[in-house]
Amino acid sequence: MLCFGHRGAMGHAPENTLLSMQKALELGVDWIELDVYVVEGKLMVIHDETLERTTNGTGFVVDQTFDYLRSLDAGQGQKIPILEEVFDLVQKKAGINIELKGPDTAGPVAEFIERYRLKGLTDEDILISSFKHEELRKIKALDPRLRIGPLISKTPEGYAAFAESMGAFSVHVSLRAVTRALVEDAHDRGLEVYVYTINHPGDIVRMRSLKVDGVFTNYPERIIKEMV
Ligand code: G3P
Ligand code: MG
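Residues numbered from 1 in each chain as written. Chains lettered and ligands numbered in written order. Predicted model: local features only at pLDDT ≥ 70, side-chain atom pairs only at ≥ 80, totals over all residues. Heavy atoms only, no water.

Quick notes on the environment of Leu142
Alright, step 1. Take Leu142: it is sitting in helix α5 (residues 133–142).
Alright, step 2. For Leu142, a relative accessible area of 55% gives the class exposed.
Alright, step 3. If we ignore the near neighbours within four places in the chain, the residues touching Leu142 are Ala106, Gly107 and Ala110. (Helix = DSSP H or I, 4+ residues; strand = E, 2+ residues; numbered from the N terminus. Buried < 20%, exposed > 50% of the residue type's maximum accessible area, 1.4 Å probe, protein only. Contact = heavy atoms within 4.5 Å.)

Considerations on the environment of Lys101
Alright, step 1. Mapped onto the elements, Lys101 comes out in the loop between β4 (95–100) and α4 (106–118).
Alright, step 2. Lys101 sits 54 residues away from His47 along the chain, and the two C-alpha atoms are 7.2 Å apart.
Alright, step 3. Setting aside residues up to four positions removed in sequence, Lys101 forms contacts with Asp35, Val36, Tyr37, His47, Phe131 and Lys132.
Alright, step 4. Separated by 2.7 Å, the side chains of Lys101 and Glu99 make a polar contact. (Polar contact = N/O pair within 3.5 Å; in protein donor to acceptor, adjacent residues only side chain to side chain.)

Details of helix α7 (residues 180–188)
Alright, step 1. Those residues of α7 not exposed but buried are Leu182, Val183, Asp185 and Ala186. Buried residues of α7, viewed axially, fall in a sector of 165°; they line one side.
Alright, step 2. Just downstream of α7 lies Gly190, where phi reads positive at about 80°. (Arc of directions from axis to C-beta.)

Some points on the packing of α4 against α5
Alright, step 1. Where α4 meets α5, the closest approach of the two axes is 9 Å, and the angle between their N-to-C directions is 35°. Considering how the two elements wind past one another, α4 and α5 form a crossing that is right-handed. Two secondary-structure elements touch here, α4 through Ala106, Gly107, Val109 and Ala110 and α5 through Glu135, Lys138, Ile139 and Leu142.
Alright, step 2. Of the residues belonging to the contact of α4 with α5, the class tally is 5 nonpolar, 1 polar and 2 charged. (Axes fitted to C-alpha atoms, helices over the stretch in contact; angles between N-to-C directions. Left-handed = near helix turned anticlockwise from the far one by under 90°. Nonpolar A, V, L, I, M, F, W, Y, C, P; charged D, E, K, R; others polar.)

Considering the site of ligand 1
Alright, step 1. Around ligand 1, the structure places His6, Arg7, Glu33, Asp35, His47, Glu99, Lys101, Phe131, Leu151, Tyr196 and Phe216.
Alright, step 2. The separation between an oxygen atom of ligand 1 and a polar side-chain atom of His6 is 2.7 Å.
Alright, step 3. Within the side chain of His47, an N or O atom sits 2.7 Å from an oxygen atom of ligand 1.
Alright, step 4. Burial of ligand 1 by the protein amounts to 90% of the accessible area it has alone, namely 290 Å².
Alright, step 5. Its residues assigned to classes, the shell around ligand 1 shows 4 nonpolar, 2 polar and 5 charged. (Near = heavy atom within 4 Å. Areas by Shrake-Rupley, 256 points an atom, 1.4 Å probe, with all protein chains shown as cover.)

A closer look at the pattern of salt bridges
Alright, step 1. Following the criterion strictly, the structure yields 15 salt bridges and no others.
Alright, step 2. The partner of Arg70 in a salt bridge is Glu85, and the shortest N-O contact between them spans 2.8 Å. One end of the pair, Arg70, is in helix α2 (residues 66–70); the other, Glu85, is in helix α3 (residues 83–90), and 15 residues separate them in sequence.
Alright, step 3. Residue Arg70 is classed as buried on the basis of its relative accessible area of 18%.
Alright, step 4. The partner of Glu164 in a salt bridge is Arg189, with the nearest N and O atoms 2.7 Å apart. You can see Glu164 sitting in helix α6 (residues 161–165) and its partner Arg189 sitting in the loop between α7 and β8 (192–196), a full 25 residues away along the chain.
Alright, step 5. Glu164 sits in the partly exposed class, given a relative accessible area of 40%.
Alright, step 6. Among the charged side chains, a network of salt bridges with common partners joins Arg7, Glu15, Asp48 and Arg53. (Salt bridge = Lys/Arg side-chain N within 4 Å of Asp/Glu carboxyl O.)

Rendered as structure tokens:
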């Protein structure tokens, strides 16, 4: 069962900051999950569409200038990172799962990855997910080698058929929506199943019994401890 550090290791450090990513690496995650928006052509790593919850700023992320966003405190003096800073920190010590959160992110993320391919990034190092399945289809069309994983929060009719038809690598399912039938159907279709967000020991045991392939967690040490 792979361990995805959720927004880095947000149980230990301000979410989606370099500090959070560093903590996730120290805890030994297999993957780091983060959320991106595009602002003035820059890929900003932040979860909410507004700034109030995680920074000392106000307003919608996509309405701001890059300079304003970079002037903000995202917790413990951390800045909102740009995606490049995260890649340069992680240096392939873990995979990076980019969740396309903002509007119109597919194009800029595909271009970004193309640049990093020249620096040695391989298909196994990166996974693109989103609740916006249309953005996933777009990025897959732009770069067919990219692995994509649609996010869902409800058990779909037809189980994982929709994901297979998108050419997905994985299905990313909420704890509430995951069922044995869905996991088995996804596996029969050759898809991995990753479940969010798993923080409690009882849920960890249940995910193992369902044979899911990975989980997103705010506390990577809990998953990694369970796996020993
Ligand atoms: O990718 C798993 C999880 O991050 C999806 O939900 O709201 O935390 O981005 P959210
Ligand atoms: Mg996310």
